[in-house]
Amino acid sequence: MKRVSIEDALAREFLVTGYIAARQTGFRPSNLRRSIRNVRFTKIIYTVIFSFYIALFALFTSFKQIGFGVFAASMLTFAMSGLSVSSMMTPLSYAIYGSTNIRDFLLSTSLDADQIHRLVGKAIFKTVDYIVYGTLGVSLIMSLVFKEFYIFFSVAIGLSLGMLLQLAALELSYRRSRTRASSVATRSVASLLPMVFIIPIFLSGTLYRLSLSSLSSFYFIPPISAAFGNSLYGAITNLFWIAVFVYGVYRLIPDVSWKLVSGPPSAFFPVLAKKVSKEWKIIRSKTLALLRADFQAASRSLLGALIGGPLIVFLVILMNGISSSASNVLAFTLGIEMAYLSIMIPYAFYAMEMRGASALRMLPLSKVKIALPKLLLLLITYYLYEGSLTVVMLIKHAGILSMLPFLIGFFGPAASIPMTGIIFEETLKSGGSPTVMLTIAFFMVSAIIVAVPYAVYFLIRFFGLGLFNSIIAMVITGMLEFIVLTFLLSLYD
């Protein structure tokens, strides 16, 4: 067997704990080595995808006829690079802190505290090394080829700031709060810090209208400074900010790395002694009891960002709708975005239940009953999103017919709930680590399931078969999807 260094061994354990989830679910993968290879392959896929987007934005700005501005490309490149490293670090952050086996092993060695901190920090970096090297390499090549150095600076600032914000979020999560209100505030800030990279993506329709000359007064503010990377003062400013962010990572990573392997963070697990008897309530409805348990888990987990994130995106999409000219095309585009956005929160709740899956299996609950709280939550979020968008469209005199398929077409997104339940069960069957191809296939099927009823509606409308027939066909299609997938989910009992 090939010998590995301690940091390599620690990095493998982080992959097992953070991505494969075997330590938290209680379900061991049938082949641990294959599962680790799957995670490594996932890292490669992530690197290829994000590197492709960075190269694509560089190409867009090099061809002037496309009209894709330097500032828009710079901000989107910054967002993609920041998202890449943040998304790779998030699974580690919420999974690792629940276990102390890594810390206990390190304390049994002859290493001193500084050596241990460095080892853990290097191991955590190894979980994102492909992303860092891949995106930086591609951005440097594209910068040299097209002589557009904003590409490299945008990626470097995004990566360094992404790691810094993720570490800051973890640092906040371990900070002890004096009151319950401050604890909630700390959790909220910790969860939402890395979400800043989503904002440029959903403001892309506005960003391309901004020119560099109109932003020259703000050239020293990151990440705006990256767009001025071709000028001397812009390059110096960017190098300064990159150095600041890298130094922040250097100072934070030893302390945060050790906290990650030292038990649960205080901000997420406040001491509840003497409060349990006062706050204990018995909920007779199993569905509501599960829903409440999921909300409690969300309030104590970094996965709470998956709940706060869609809410932020919802507000951004809504603001785009308000600032745009009303049309049927706009209503269709934003309506579809809202439909897909609404299924993210139920998916996050399934992800949070992964940690307690072994205990959940011991309860007298069928797989369909476990899915019911997510369906109730989807019903609320779906009509919150689509209803708000409908109000905006009506105010802008777009007409109710433009939003009618989304107000009636709930069964399409609803069918994604049993589909997500099937993904959840298959993930557990594989020990918490499905193959990359299986994961891609599941999410592609989920995307199609949501889209099919809407496609049926617009297809029948296109052939002029009438509004009533279109609505009936859409509802029947969504109901059939929901019934079939719910039946398939029930077979897992």
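Residues numbered from 1 in each chain as written. Predicted model: local features only at pLDDT ≥ 70, side-chain atom pairs only at ≥ 80, totals over all residues. Heavy atoms only, no water.

### Observations regarding the packing of helix α21 (residues 411–429) against helix α23 (residues 467–490)
Next up, step 1: One can describe the packing of α21 onto α23 by two numbers: an axis separation of 8 Å at closest approach and a directional angle of 20°. In terms of their interaxial angle, α21 and α23 are classed as roughly parallel. Crossing geometry of α21 relative to α23 is assigned as left-handed. Contacts from F411, G412, A414, A415, P418, M419, G421, I422 and E425 in α21 reach V475, G478, M479, E481, F482, L485, T486, L488 and L489 in α23. (Axes fitted to C-alpha atoms, helices over the stretch in contact; angles between N-to-C directions. Helix = DSSP H or I, 4+ residues; strand = E, 2+ residues; numbered from the N terminus. Parallel < 35°, antiparallel > 145°, perpendicular 65-115°, else oblique. Left-handed = near helix turned anticlockwise from the far one by under 90°. Contact = heavy atoms within 4.5 Å.)

### Brief notes about the nonpolar core
Next up, step 1: Of all hydrophobic cores here, the largest spans 49 residues; its most connected members are L10, F14, M89, V120, V128 and L161.
Next up, step 2: Those elements that place two or more of their residues in this core are α1 (6–20), α3 (32–62), α4 (70–96), α5 (101–107), α6 (113–126), α7 (129–146), α8 (150–173) and α12 (232–260).
Next up, step 3: In terms of residue count, α8 provides more of this core than any other element does, 13 residues in total.
Next up, step 4: Not counting residues up to four positions away in its chain, the partners in contact with L161 are F78, F197 and F245.
Next up, step 5: One finds A331, Y382, V392 and I423 within the second-largest nonpolar core, a separate group that totals 44 residues. (Core = buried A, V, L, I, M, F, W, Y, C linked by side-chain atoms within 4.5 Å. Buried < 20%, exposed > 50% of the residue type's maximum accessible area, 1.4 Å probe, protein only.)

### A word on the pattern of salt bridges
Next up, step 1: Within this structure, the stated rule accounts for 2 salt bridges.
Next up, step 2: Note that D8 is salt-bridged to K126, the shortest N-O span being 3.2 Å. Of this pair, D8 sits in helix α1 while K126 sits in helix α6; the two residues are 118 residues apart in sequence, bridging distant segments of the chain.
Next up, step 3: For D8, a relative accessible area of 28% gives the class partly exposed.
Next up, step 4: Take K126: its relative accessible area is 28%, and that puts it in the partly exposed class. (Salt bridge = Lys/Arg side-chain N within 4 Å of Asp/Glu carboxyl O.)

### Some thoughts on the environment of V261
Next up, step 1: Tracing the chain through its elements places V261 in the loop between α12 and α13 (276–279).
Next up, step 2: For V261, a relative accessible area of 0% gives the class buried.
Next up, step 3: Distance in space between the C-alpha atoms of V261 and V120 is 8.7 Å, their sequence separation being 141 residues.

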